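The primary structure of each chain is shown beneath.
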Amino acid sequence: MSTQPNWDNNALNRAVHTMWAARSHGTQSGKHMAAVEDLVITSAVEACKGTPITFLRGEAATLPGVYRPRKNWDLVALDDDRLVFAIEMKSQSVEKISNNANNRNEEAIGSATDLRLAHKKGLLGRDRGDSHRPWIGYFFILEEAIQSTRPARQQVSAALPTDSAYGTHPSYEDRYRLLCERLLENKLYDGACFLLSNTDPDAVVKQSDPSSGIDFGSFMASLEGYLAKYCANRT
C-alpha cells in the first residue's frame, strides 16, 4: 500500500462541493455522491493492487438482508462471489432536517445490524475458511447553516433522564456527530466519517478532530488498512 494517501483536503473539498452541485438537481438518481465515491474507490484500488475487486454503485450495489429481502448500499466491493466492503453515504441539507434526523439514525443502526446478520447466515459470499468479516462504513455530510448548527429550540426530555452527552438543546450537528462517534465506538461500523460543509463552492469542508476517529483521514486509513490485510491474505 502506498505510504501517501490518494487524496488530500483540496480533493475532498472539490468532491463534497461537486456533490452539493449535483444534489441541487435532485437525489433520486443516487448519483450525487459519485465524486466522493470516486475518492474512496481510487484509494481502495491502490490499497489492493493486483486483486480483482469489483466496485458496484447505484442499483447494482444491492445486497441480501435478513430483516428485509435486500438493501441498496451506496458503494459495494466484491471479490468474485464475496462481499469485501459496503459503505452507506448520506448527505443532509437543512431543508426538512427536522423530519429526517431520527430516520437517519434508525436507518444507520438497522442497516449495519442487518448486514452483520446476513454475513453470519452466509448470504454475503462463499466461506473460504479464513474468518472473513466484511468492512462496513458510514459516511455523512451535513449542510452547515444556522438551522443545523444552532442549539435546538425545544429542550430534550423523556420519561427518564436522557444521556448527558446530548445536553439539553443539542443541535443537529451535535446529534449527527455523536451518531457517527457511537456507530464507530460500538462497532456497528468499522469506519465512520462526519463532515460539515457549507454549500458555497469556496467554503472549506469542516472535519472532526482526528482523535474522534470520524474524520475523513481516519475513515480512509481504516478502510485502506483493512484492504491491504485482506488482499495480502486472500485465499
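Residues numbered from 1 in each chain as written. Predicted model: local features only at pLDDT ≥ 70, side-chain atom pairs only at ≥ 80, totals over all residues. Heavy atoms only, no water.

Engineer: So what exactly am I meant to see when it comes to the overall build of the protein chain here?
Structural biologist: Each helix and strand counted, the protein chain has six helices and eight strands in total. Ordered by position from the N terminus, the helices and strands of the protein chain form the series α-α-β-β-β-β-β-α-β-α-α-β-β-α. Its C-alpha atoms give the protein chain a radius of gyration of 18 Å, near enough to 18 Å, the size a compact globule of 235 residues would have. The dimensions of the protein chain, computed from C-alpha atoms along their principal axes, are 55 × 45 × 35 Å. Considering the protein chain as a whole, with its 235 residues, one finds that 45% of them fall into the buried category. Counting contacts in the protein chain only where the partners sit at least 6 residues apart, residues at least 24 apart contribute 66% of the total. For the protein chain, the exposed area adds up to about 12,100 Å²; of that, 48% sits on carbon and sulfur atoms. Side-chain charges in the protein chain split into 27 positive and 29 negative, and the spacing between the mean points of these groups amounts to 5 Å. (Helix = DSSP H or I, 4+ residues; strand = E, 2+ residues; numbered from the N terminus. Rg over C-alpha atoms; globule rule 2.2 N^0.38 Å. Buried < 20%, exposed > 50% of the residue type's maximum accessible area, 1.4 Å probe, protein only. Contact = heavy atoms within 4.5 Å. Areas by Shrake-Rupley, 256 points an atom, 1.4 Å probe, with all protein chains shown as cover. Lys, Arg positive; Asp, Glu negative; His and termini not counted. Charge placed at Lys NZ, Arg CZ, Asp CG, Glu CD.)

Engineer: Whenever I open this one, the packing of helix 3 (residues 97-120) against helix 5 (residues 172-185) confuses me. Can you help?
Structural biologist: The description of two packed helices rests on the angle between their axes and on the distance between the axes. Between helix 3 and helix 5, the shortest axis-to-axis distance is 11 Å and the interhelical angle comes to 5°. With respect to helix 5, the element helix 3 is oriented roughly parallel. Here I97, S98, N100, A101, N102, R104, N105, A108 and I109 of helix 3 come into contact with helix 5, specifically with Y172, R175, Y176, L179 and L183. Its residues assigned to classes, the contact of helix 3 with helix 5 comprises eight nonpolar, four polar and two charged. (Axes fitted to C-alpha atoms, helices over the stretch in contact; angles between N-to-C directions. Parallel < 35°, antiparallel > 145°, perpendicular 65-115°, else oblique. Nonpolar A, V, L, I, M, F, W, Y, C, P; charged D, E, K, R; others polar.)

Engineer: Sorry, what's going on with the packing of aromatic side chains here?
Structural biologist: Two measures describe an aromatic ring pair: the distance that separates the ring centres and the angle between the ring planes. Considering all chains together, one arrives at ten aromatic pairs under this definition. Taking 6.2 Å as the distance between ring centres and 50° as the angle between the ring planes, the aromatic pair formed by F55 and F85 counts as tilted. A residue pair is termed long-range when its members are at least 10 positions apart, and F55 in strand 1 (residues 53-57) and F85 in strand 5 (residues 82-92) qualify at 30 residues. Judged by centre distance (6.4 Å) and plane angle (10°), the rings of F140 and F194 are stacked. (Phe/Tyr/Trp six-rings, centres within 6.5 Å; stacked < 30°, edge-to-face > 60°.)

Engineer: Is there a simple way to think about the nonpolar core in this case?
Structural biologist: A general trend in soluble globular proteins is that nonpolar side chains are found buried together. F85, I87, F139 and I141 are the most contacted members of the largest nonpolar core, which totals 37 residues. Sort the elements by how many residues they give to this core and helix 6 (residues 216-232) lands first, with eight residues. Setting aside residues no more than four positions away along its own chain, I87 makes contact with V40, W73, D74, L75, W135, G137, F219 and L223. Residues A86, A112, L124 and L196 belong to the second largest nonpolar core, which totals 27 residues. (Core = buried A, V, L, I, M, F, W, Y, C linked by side-chain atoms within 4.5 Å.)

Engineer: Looking at this model, I keep getting lost on the pairing of strand 5. Mind explaining?
Structural biologist: For a regular strand, side-chain orientation follows a simple rule: the groups alternate between the two sheet faces. Of all the eleven residues making up strand 5, eleven are buried; the element is thus mostly covered by neighbouring parts of the structure. As paired elements, strand 4 (residues 75-79) and strand 5 share five bridges and run antiparallel to each other. Paired with L78 across the strands is L83, a residue of strand 5. Hairpin connection of strand 4 to strand 5: two residues between the antiparallel strands, including D80 at a positive phi of 60°. Where strand 5 meets strand 6 (residues 135-143), eight bridges bridge the pair, whose relative direction is parallel. Residue pairing in the sheet places K90 in a bridge with F140 of strand 6. Remark: the strand 5/helix 3/strand 6 crossover connection has right-handed handedness. (Pairing = 2+ DSSP bridges. Right-handed = clockwise from strand over helix to strand, strands pointing away.)

Engineer: Looking at this model, I keep getting lost on the state of the cysteines. Mind explaining?
Structural biologist: Two cysteines form a disulfide when their sulfur atoms are joined by a covalent bond. One pass over the structure, following the stated rule, counts one disulfide. Across the disulfide from C48 sits C231; the S-S distance is 1.3 Å. Of this pair, C48 sits in the loop between helix 2 (34-47) and strand 1 while C231 sits in helix 6, and the two are 183 residues apart along the sequence. Accessibility expressed as a relative area gives 4% for C48, which makes it buried. Assessed through its relative accessible area of 16%, C231 is described here as buried. C180 carries a free sulfur, and the closest cysteine sulfur to it, the one in C193, is 7.5 Å from it. (Disulfide = S-S within 2.5 Å.)

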